[in-house]
Amino acid sequence: MANLVARDLDVSSLAALLAVLDTGSFTEAARSLRISQPAVSLAIKRLEERVGTTLLVRTRKRIAPSRPGEVLAAGARLAFEALDNAVAQIANEHAEPSGRVILGVHESLAAYSLPSFMARFLRDYPLVELKLWNGRSQEVERELTAGRVDLALIVNPRPQPDLVIVPVFDDSVELFHCLPNRRRSEAAKIIEELPLIYVPELMQSQDILAQLPKRRITVKRLLPCSSLELVKSLVIDEVGVGILPRRVAEHNTRKRLYSLSPPLPLYKDRVALVRRYDVPQTAAIRVVISELSAHCKTMS
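Residues numbered from 1 in each chain as written. Predicted model: local features only at pLDDT ≥ 70, side-chain atom pairs only at ≥ 80, totals over all residues. Heavy atoms only, no water.

A. The overall build of the protein, seen in detail. The helix and strand inventory of the protein stands at twelve helices and eleven strands. For the C-alpha atoms alone, the extent of the protein along its principal axes is close to 105 × 40 × 30 Å. Put simply, the protein has 300 residues, and 44% of those count as buried. For the protein, contacts bridging at least 24 residues in sequence account for 74% of all contacts bridging at least 6. Summed over all atoms, the accessible surface of the protein reaches about 16700 Å², with 52% contributed by carbon and sulfur. Taken together, the 41 basic and 34 acidic charged side chains of the protein have centroids lying 1 Å from each other. (Helix = DSSP H or I, 4+ residues; strand = E, 2+ residues; numbered from the N terminus. Buried < 20%, exposed > 50% of the residue type's maximum accessible area, 1.4 Å probe, protein only. Contact = heavy atoms within 4.5 Å. Areas by Shrake-Rupley, 256 points an atom, 1.4 Å probe, with all protein chains shown as cover. Lys, Arg positive; Asp, Glu negative; His and termini not counted. Charge placed at Lys NZ, Arg CZ, Asp CG, Glu CD.)

Printed below as a string of structure tokens:
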């Protein structure tokens, strides 16, 4: 008995104990539980054996709990109340969109793809607590597979057996400048004259950098940065040519950015909505998937 824990107790036996105490009779308890009276007696016997003491005291007039029986019954009532609340919450979440959903998304992707979606979604679904987790795509993917994120918008996700990947729109990483008087036919000359601004950690940047020498294009100066937003800001201020996703280059800019790709190289991206197979499909998660997928289709 010293090593006894709550999970060692059978739920049906606890239900039988409460039914006997509530009805005052094994016969009535059996009727309320829709089982036989011997089954109720056996459940109580097994429960007493498990806890190592008598739980019910039988008199000529009624059946009453012993002191251990009172303690166990009180705990059982609290446990069943908590289970009832959990079942009700599950039912509500499946019936009406409510509850928390954690959406993982790349920082720059969130900046240009989510603002208009968030404003409408939060207005239309006030009971859904939508929480954003931002990081690089590999970090978002790691959080998703670890179960700390429910859904994710990921750039070029890697196929994994426990993930459902649904492509939602295409993008491309290109070379952009902010010099309206320079023509696309001067692309090679522009890239040789101006610093090339990029985020070294992005594989798209590395791929484009690797293609330039193959086209016999010499980069005058490399200027690595920590974020795409910084790259964009420097390009707008005409510091140099930047490697940027087209959606980032076109989003809320005070000056137009001009692409040099093509003829210069570009990298095609695919953005996908990703979830784990084991994520419960609550009404909240279903509506986030539906609304976000519809929103992303407008961006294609």
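B. Molecular detail of helix α12 (residues 283-297). Given a rise of 1.5 Å per residue, 15 residues ought to cover 21 Å, and the 21 Å separating the end C-alpha atoms of α12 matches this to within 8%. Within α12, burial applies to Ala-283, Ala-284, Ile-285, Val-287, Val-288, Ile-289, Glu-291, Leu-292, Ser-293, His-295 and Cys-296. (Expected span 1.5 Å × (residues − 1).)

C. Seen up close, the packing of aromatic side chains. According to the stated counting rule, one finds two aromatic pairs in the structure shown. Chaining the aromatic ring pairs together yields one cluster made of Phe-117, Phe-121 and Tyr-125. (Phe/Tyr/Trp six-rings, centres within 6.5 Å; stacked < 30°, edge-to-face > 60°.)

D. Quick peek at helix α1 (residues 11-23). Taking 1.5 Å of rise per residue, 13 residues should cover 18 Å, and α1 covers 18 Å from first to last C-alpha, within 8% of that figure. Of the residues making up α1, those classed as buried are Ser-13, Leu-14, Ala-16, Leu-17, Leu-18, Ala-19, Val-20 and Leu-21. Phi for Gly-24, located one or two positions after α1, is positive at around 75°.

E. Up close: the nonpolar core. In terms of nonpolar packing, the biggest core is built from 43 residues, with Leu-114 and Leu-153 touching the most fellow members. The biggest single contributor to this core is α12, with seven residues. (Core = buried A, V, L, I, M, F, W, Y, C linked by side-chain atoms within 4.5 Å.)

F. Representation of the pattern of salt bridges within the structure. Summed over the entire model, instances satisfying the criterion amount to 17 salt bridges. With a shortest N-O distance of 3.2 Å, Glu-193 and Arg-182 are connected by a salt bridge. Of this pair, Glu-193 sits in helix α8 (residues 187-193) while Arg-182 sits in the loop between β6 (163-177) and α8, and the two are eleven residues apart along the sequence. On the basis of relative accessibility, which here comes to 32%, the residue Glu-193 falls in the partly exposed class. The closest approach of N and O atoms between Glu-238 and Lys-255, which form a salt bridge, is 3.2 Å. Taken together, the positions of Glu-238 in the loop between α10 (228-236) and β9 (241-245) and Lys-255 in the loop between α11 (246-250) and β10 (258-259) put the pair 17 residues apart, joining distant regions of the chain. Residue Lys-255 is classed as partly exposed on the basis of its relative accessible area, which comes to 31%. Sharing partners across several salt bridges, the network here consists of Arg-142, Glu-143 and Arg-148. (Salt bridge = Lys/Arg side-chain N within 4 Å of Asp/Glu carboxyl O.)

G. Quick look at the environment of Leu-55. Along the chain, the position of Leu-55 falls in the loop between α3 (37-51) and β1 (56-58). Leu-55 gets classed as buried once you look at its relative accessible area, which sits at 1%. Among residues more than four places away in sequence, those in contact with Leu-55 are Leu-17, Leu-47, Glu-48, Ala-64, Pro-65, Ser-66, Pro-68, Gly-69 and Leu-72.

H. Layout of the state of the cysteines. For the structure shown, the criterion picks out zero disulfides. This cysteine, Cys-178, is not joined by any disulfide, and Cys-225 carries the nearest cysteine sulfur, 15 Å off. Judged by its relative accessible area of 10%, Cys-225 is buried. (Disulfide = S-S within 2.5 Å.)

I. Fine view of the packing of α1 against α3. Where α1 contacts α3, the two axes come as close as 9 Å, and the packing angle between them is 110°. What the angle tells us is that α1 and α3 run roughly perpendicular. The two elements α1 and α3 cross, and the hand of that crossing is left-handed. In this structure, α1 contributes Ser-13, Leu-14, Ala-16, Leu-17 and Val-20 to the contact, and α3 contributes Val-40, Ala-43, Ile-44 and Leu-47. (Axes fitted to C-alpha atoms, helices over the stretch in contact; angles between N-to-C directions. Parallel < 35°, antiparallel > 145°, perpendicular 65-115°, else oblique. Left-handed = near helix turned anticlockwise from the far one by under 90°.)

J. Structural context of the pairing of strand β3 (residues 99-106). Among the eight residues of β3, six are classified as buried, and the element is accordingly described as predominantly covered. Examined bridge by bridge, β3 and strand β4 (residues 128-135) share eight bridges and lie parallel to one another. Looking across to β4, one finds that Val-101 is bridged to Leu-130. (Pairing = 2+ DSSP bridges.)

K. Up close: the side chain of Asp-269. Within the secondary structure, Asp-269 sits in strand β11 (residues 267-276). Salt bridges are absent for the buried Asp-269, whose nearest opposite-charge side chain, Arg-270, sits at 9.4 Å. At 3.1 Å, the side chain of Asp-269 and the side chain of Gln-204 are in polar contact. Every residue in contact with Asp-269, bar those within four places of it in the chain, is listed here: Val-155, Asn-156, Asp-170, Asp-171, Ser-172, Val-173 and Gln-204. (Polar contact = N/O pair within 3.5 Å; in protein donor to acceptor, adjacent residues only side chain to side chain.)

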